[in-house]
Amino acid sequence: MGELGAFIVLALVTLIPAVVVVTSHNIVRAAFSLVPSFLGVTGLYILLQAEFVAGIQVLIYVGAITVLLLFVIMLTEGGTGVRLRQVNEQVPLGAMAAVWLAFVIIVILTRTVWPVGAGSPPPYNATAIGNAFMTDYVLIFEATSLVLLVSLIGAIVTARGEE
Amino acid sequence: MLAESAIISASMPKVLLDWFYVAVFAVVGTLMAVLPLAVVWLLAPRQDSPQKTITYESGVLPFGQAWAQFNVRYYLFALIFVVFDVEVIYLYPWAVVFRQLGPVAFVEMLVFLLILLVGLVYAWKKGALEWV
Amino acid sequence: MSWVLELLKAIGLTVLLFTFLAVVTAMMGVYAERKIAGWIQARLGPKHVGPQGLLQTVADTVKLLQKEHITPRRADVLMFNAAPVVVAVAALLDWVVIPFGTLGSRVLVVRDINIGVLYFSAMASVTVLGILTAGWSSNNKYALLGGLRSASQLISYELPLALGILWAAMVAGTLSTVGIVEAQIQQGGWFLFTLPPPIGRLGAPFGILAAVTFLVAATAEVNRVPFDLPEAESELVAGYFVEYTGMRFALFQLGEYGEMFGMAALATIMFLGGWAEPHLAPYLWVAVALGAVVVAAVILLTARHSLVIRPVLSLAVLTAAVGLLMSVGGHLPSIVWFLLKLFTLVFFLMWVRWTYPRLRLDQLLNLSWKVLLPLGLLNLLATGLVLTLGGR
């Protein structure tokens, strides 16, 4: 019961700011509205007892990605302070697509038989993740660093496009 | 502490209880931070005047908008920061298990970090870490 | 009905910690800062309100409560008001994982969260948002420039900070703050000077390097001199909070001091053994006591003005008393040890603030990206190598 209540509250905390993000006329406010939404997702991770992922969610999304987004907005000439049009003449089309997508998702959700796990999550999931990285998934782990390297080089090349 | 937490864990896992506290801290903390603002609202004078609410610009009348374009350098640093922040995230689980796993974990992390050090050296050589 | 009890306990602890932040870190912190600044600059500091000016910040707080809240006409009102609250709450949330000591078998900590230090750095990173909000919503050129500078500084130093935290987590093998202190108690020495056996004291250079990296980064994270460019009174007229008045300004101060004490507390936990009582041979404690007396005597004999007499004497008497008490086998409660270490670190940070000039922006970024970040990574790897060679 308590878990359901917490889930509903967190879902609202995630979704209401998300609506603001896509409807606000002020782009900086829209970017800041992402923060409560991200925090709501953090709460959902906590409900799943994935503490480590929750910590990452705050550190990366709230503390880094949002800052990056804000920097981008503030760098754009006239990007802040202007009234933004969030809709255009294709609204009916978009609405139709959204309704269709929602319908499909609801059908899939209700038709699927969800397996209910009996076990409890690993007691201390940073340890579990660490062990998985260092043993079974070591190749993926090293590949991740290559991905990061490529994205770093890509970031530098695109950001310094003028030279 | 031990006996007490055993009773609670029957109804609520430790993780949830931990973060329940964090949530209460966030909510009640916000209320307590707003409280003095409310006291000010009751106590302090409120006299609006057109001069008083002008943006402060060292005494002269402000010109133009503050919301203008800024140096692209900030953006570059933010990009590099995000990449390295993600890298640091991978170090946390490694740090926890490192001493249980021993040499294997060390070599694996050495490879991981050396690849990223290449990135740092690249950024350095390309002058991405310069503020000009 | 156990959850109602937990809720009441949580609310009570929030009120307690918030009061601690407001009274000890903000009010006493500001008072100590002004007094120490006074001593260093050969002036008196606050003196007239209460004995030795002790009630000065209380009076200041009462004054701030009566000040009008001025909101600039062109500001974004909602976000302008939210920013100081975000900064203050982020600082409060840091303290959830800080253990103050032990009472019997209980550890005095709000919650010993499994991912403790990761949680701390995550909450500390939220501060950036409050600062950016403040800078942008003021619609003031100084504020926006200060906010952007501050944000770029905070994100640059977050990495060396995280590397310092990771170093301690790696040596202790856990992310829990309580676990890190217990690891130090178990190995019988602070991480600053000792690595786990068989390395022991030989590991001191690594610990000291990690602690220095962490402290430098922490100083930058809380925007203190020599890293106070975002606030730079003389060029940016206090930066991102230039438009804030009264209690809203006070909330920024609360957040800043809460964060500074929080960083010092984390450094205490990671490198200075947290609440653990240092174990030295009795003769070494006598040496500590004598050393304090000798240093005080030298300072007093060579000082050119009489202002330093009282502070130096009181510090020397305090240190000598602790040294003598410990040398005869006495004990202090663990919470006293924790606070002693914490305040020593805070004193150190204040000392630095009033001694060094401000860095330039390019120097600041160079220090982070070209010195601290590679140094932190190499130290992490070197310590890992040493631990591996030493049989973990």
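Residues numbered from 1 in each chain as written. Chains lettered and ligands numbered in written order. Predicted model: local features only at pLDDT ≥ 70, side-chain atom pairs only at ≥ 80, totals over all residues.

## Let's talk about the overall build of chain B
When you go through chain B residue by residue, the secondary structure sums to four helices and zero strands. In sequence order, chain B lays out its α and β elements as α-α-α-α. Within chain B, the proportion of its 132 residues that are buried is 38%. (Helix = DSSP H or I, 4+ residues; strand = E, 2+ residues; numbered from the N terminus. Buried ≥ 20, exposed ≤ 12 C-beta atoms within 10 Å, placed from the backbone.)

## Thoughts on the nonpolar core
The biggest cluster of nonpolar side chains holds 192 residues, and the ones touching the most others in it are Ile80(B), Leu166(C), Ala169(C) and Ala267(C). Residue contributions to this core peak at 21 residues, all from helix H5 (residues 141-172) of chain C. Leaving out residues up to four positions away in the same chain, Ala267(C) has contacts with Ala211(C), Phe214(C), Leu215(C), Ala218(C), Leu272(C) and Leu345(C). (Core = buried A, V, L, I, M, F, W, Y, C linked by C-beta atoms within 7 Å. Contact = placed C-beta atoms within 7 Å.)

## Some words on the domain arrangement of chain C
Residue and element names in this part refer to chain C. Considered domain by domain, chain C is made up of domain 1 (70-277 + 360-389) and domain 2 (282-351). Distance from the C-alpha centre of domain 1 to the C-alpha centre of domain 2: 27 Å. Counting residues at the interface gives 16 residues for domain 1 and 12 residues for domain 2. At six residues, the largest contribution of residues to the side of domain 1 that touches domain 2 is made by helix H9 (residues 246-271). (Domains from an automatic or database assignment.)

## With respect to unusual backbone geometry
Residues and elements named next belong to chain A. One non-glycine residue, Gln49, lies in the positive phi region at around 60°. By the secondary structure assignment, Gln49 is in the loop between helix H2 (27-47) and helix H3 (51-75). A tally of 18 C-beta atoms within 10 Å means that Gln49 is categorised as partly exposed.

## Comments concerning helix H11 (residues 309-327) of chain C
All names here are of chain C. Across its 19 residues, H11 extends 26 Å between first and last C-alpha, which sits within 8% of the 27 Å expected from 1.5 Å per residue. Within the sequence span of H11, burial applies to Ala316, Gly323 and Met326. One face of H11 carries all of its buried residues, which in axial projection span an arc of 100°. Residues of H11 that are exposed and angled more than 90 degrees away from the buried face: Arg310, Ser314, Leu318 and Ala321. Contacts from the buried residues of H11 go to helix H10 (282-302). Within two residues after H11, Gly329 carries a phi angle of roughly 85°, on the positive side. (Expected span 1.5 Å × (residues − 1). Arc of directions from axis to C-beta.)

## Concerning the interface of chain B and chain C
The interface of chain B with chain C comprises 60 residues on the first partner and 68 residues on the second. At the level of elements, helix H1 (2-11), helix H2 (14-43), helix H3 (72-101) and helix H4 (103-125) of chain B are the ones that each hand at least two residues to the side of chain B that touches chain C. Among the elements that take part in the side of chain B that touches chain C, H2(B) stands out by supplying 20 residues, more than any other. Here the side of chain B that touches chain C is composed, by residue class, of 48 nonpolar, six polar and six charged. (Nonpolar A, V, L, I, M, F, W, Y, C, P; charged D, E, K, R; others polar.)

## Points about the environment of Asp76(C)
Mapped onto the elements, Asp76(C) comes out in the loop between helix H2 (56-65) and helix H3 (77-94). For the pair Asp76(C) and Arg43(C), spaced 33 residues apart in sequence, the C-alpha separation works out to 41 Å.

## Focus on the interface of chain C and chain A
Each partner contributes residues to the interface: chain C has 18 residues there, and chain A has 18 residues. Put simply, the parts of the chain that give the side of chain C that touches chain A at least two residues each are helix H4 (116-137) and H5 of chain C. It is H4(C) that contributes the most residues to the side of chain C that touches chain A, 11 residues altogether. For the side of chain C that touches chain A, the residue count by class is 14 nonpolar, four polar and no charged.

## Quick word on the confidence of the model for chain C
On average, residues of chain C score 84 in pLDDT, and 96% of them are at 70 or above. Listed scores for the predicted complex are pTM 0.88 and ipTM 0.84. (pLDDT = per-residue confidence, 0-100.)

## Description of the confidence of the model for chain B
Confidence in the prediction of chain B, expressed as mean pLDDT, is 77, and 78% of residues score 70 or more. In the model, residues 1-10 of chain B has pLDDT below 50 throughout and makes eight contacts with residues more than four positions away in sequence or in other chains.

## Description of the environment of Ala316(C)
All names here are of chain C. Position of Ala316 relative to the elements: it lies in helix H11. You can call Ala316 buried: it has 20 C-beta atoms within 10 Å. Taking C-alpha positions, Ala316 is 8.9 Å from Gly291, a pair spaced 25 residues apart along the chain. If we ignore the near neighbours within four places in the chain, the residues touching Ala316 are Ala292, Val293 and Ala296.

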